[in-house]
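# A closer look at the structure
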Amino acid sequence: MTAAAKWAPPTTKTAREAGGDSDDRRTPIELFREIERRWGWGGFTIDGAASAANRLCDWWIGPDSIVSSDFLSWPTGRIHAERVFLNPPWGNIGPFLDRSIEIVHGCPLVERVVMLVPARTTMPWFGLAERWGRIHTIEGRVAYGGGANKKQPFEHSVVVVFERRLVAGDFR
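Please read all numbers here as calculations on a predicted model, not as lab measurements.

## Re the overall build of the protein
Looking only at helices and strands, one finds four helices and six strands in the protein. Considering the protein as a whole, with its 172 residues, one finds that 46% of them fall into the buried category. Accessible surface, the protein: about 8,900 Å² in total, of which carbon and sulfur atoms supply 51%.

Right, here's the structure in full:
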């Protein structure tokens, strides 16, 4: 099920546009669709850090969600064949990255977690992203919620793809 095929994201303002939390950055729909086309094979099933107003998938994790209110405490016992898109709060990326690695490598039913994060190569979490995931650079500044005047304050973003490993012993 492709989220884009069944459901159109809301066009309402994000919390950031309305003067809210600067960490509430809704991924531009065109960028989301390109990320989904490349790494969401079959479509993302869950937006891992969203609200009802800015979600990009039918299912989301965040306030007012029936899945879970917090990605960091998402009960993995209820996970089944999920493909998660995650644009975490950029002021608190480390715990979201740790949880993504834990979920992908600890829960055999999660296919992948795809994160959109700033290219902050000097941060400790970036080394973990390089070790456990595949890094894909988005060149240039991404405009969030409002066109060219709402561009991020740094030059590049990256997409980090975490996928579960194939282990030969699992296929006996």
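Here the narrative resumes, following the displayed structure.
## Observations concerning helix H3 (residues 93–106)
With 14 residues, H3 extends 20 Å from end C-alpha to end C-alpha; this agrees with the ideal 20 Å at 1.5 Å per step. Among the residues of H3, Ile 93, Gly 94, Phe 96, Leu 97, Arg 99, Ser 100, Ile 101, Ile 103 and Val 104 are the ones counted as buried. Where H3 is buried, its residues touch strand S3 (82–86), strand S4 (110–118), helix H4 (124–132) and strand S6 (157–163).

## A word on the sheet that holds strand S1 (residues 46–47)
Paired through their backbone hydrogen bonds, the strands of a sheet run either parallel or antiparallel. In space, the six strands of this open sheet follow the order S2-S1-S3-S4-S6-S5, with mixed pairing throughout. Two strands lie at the open edges of the sheet, namely strand S2 (59–60) and strand S5 (134–138), each paired on one side alone. One ladder, built from five bridges, connects S3 with S4; its direction is parallel. Counterpart to Leu 86 in the pairing with S4 is Met 115. Where helix H2 (residues 29–39) meets the sheet, it contacts S3, S4, S5 and S6, and its direction lies at approximately 140° from that of S4.

## A few points about unusual backbone geometry
We note that Asp 64 has phi near 65°; this positive angle belongs to a residue other than glycine. Here Asp 64 lies in the loop between S2 and S3. In this structure Asp 64 comes out as exposed when scored by relative accessible area, which is 69%.

## A few points about the pattern of salt bridges
Evaluation of the coordinates by the stated rule reveals seven salt bridges. Residue Glu 34 pairs with Arg 37 through a salt bridge whose shortest N-O separation is 2.6 Å. Separated by three residues within a single helix, Glu 34 and Arg 37 lie in helix H2, roughly one turn from each other. The partner of Glu 102 in a salt bridge is Arg 99, and the shortest N-O contact between them spans 3.0 Å. Residue Glu 102 and its partner Arg 99 are located together in helix H3, separated by three residues, close to a single helical turn. Judged by relative accessible area, Arg 99 falls into the buried class, the value being 9%. The network of salt bridges with shared partners includes Arg 83, Glu 111, Arg 112, Arg 134 and Glu 163.

## A few points about the packing of aromatic side chains
Summed over all chains, the structure comprises six aromatic pairs. Aromatic side chains Phe 44 and Phe 85 sit 5.6 Å apart centroid to centroid with 55° between the ring planes, which places their arrangement in the tilted category. Pair noted here: Phe 44 is in the loop between H2 and S1 and Phe 85 is in strand S3, with a separation of 41 residues, a long-range link. Exposure class is identical for Phe 44 and Phe 85. Each is buried. Grouped by ring-pair contacts, the aromatic residues Phe 32, Phe 44 and Phe 85 constitute a single cluster.

## Points about the side chain of Ser 68
Residue placement: Ser 68 occurs in the loop between S2 and S3. By relative accessible area, which is 9% here, Ser 68 ends up buried. Polar side-chain contacts of Ser 68 include one of 3.3 Å to the backbone oxygen of Asp 70. When residues no more than four places from it in sequence are discounted, the contact partners of Ser 68 are Trp 60, Ile 61, Gly 62, Ser 73, Trp 74 and Pro 75.

Parameters at a glance
- Residues numbered from 1 in each chain as written.
- Predicted model: local features only at pLDDT ≥ 70, side-chain atom pairs only at ≥ 80, totals over all residues.
- Heavy atoms only, no water.
- Helix = DSSP H or I, 4+ residues; strand = E, 2+ residues; numbered from the N terminus.
- Buried < 20%, exposed > 50% of the residue type's maximum accessible area, 1.4 Å probe, protein only.
- Areas by Shrake-Rupley, 256 points an atom, 1.4 Å probe, with all protein chains shown as cover.
- Expected span 1.5 Å × (residues − 1).
- Contact = heavy atoms within 4.5 Å.
- Pairing = 2+ DSSP bridges.
- Axes fitted to C-alpha atoms, helices over the stretch in contact; angles between N-to-C directions.
- Salt bridge = Lys/Arg side-chain N within 4 Å of Asp/Glu carboxyl O.
- Phe/Tyr/Trp six-rings, centres within 6.5 Å; stacked < 30°, edge-to-face > 60°.
- Polar contact = N/O pair within 3.5 Å; in protein donor to acceptor, adjacent residues only side chain to side chain.

In short, shape yes, function no, at least from these values alone.
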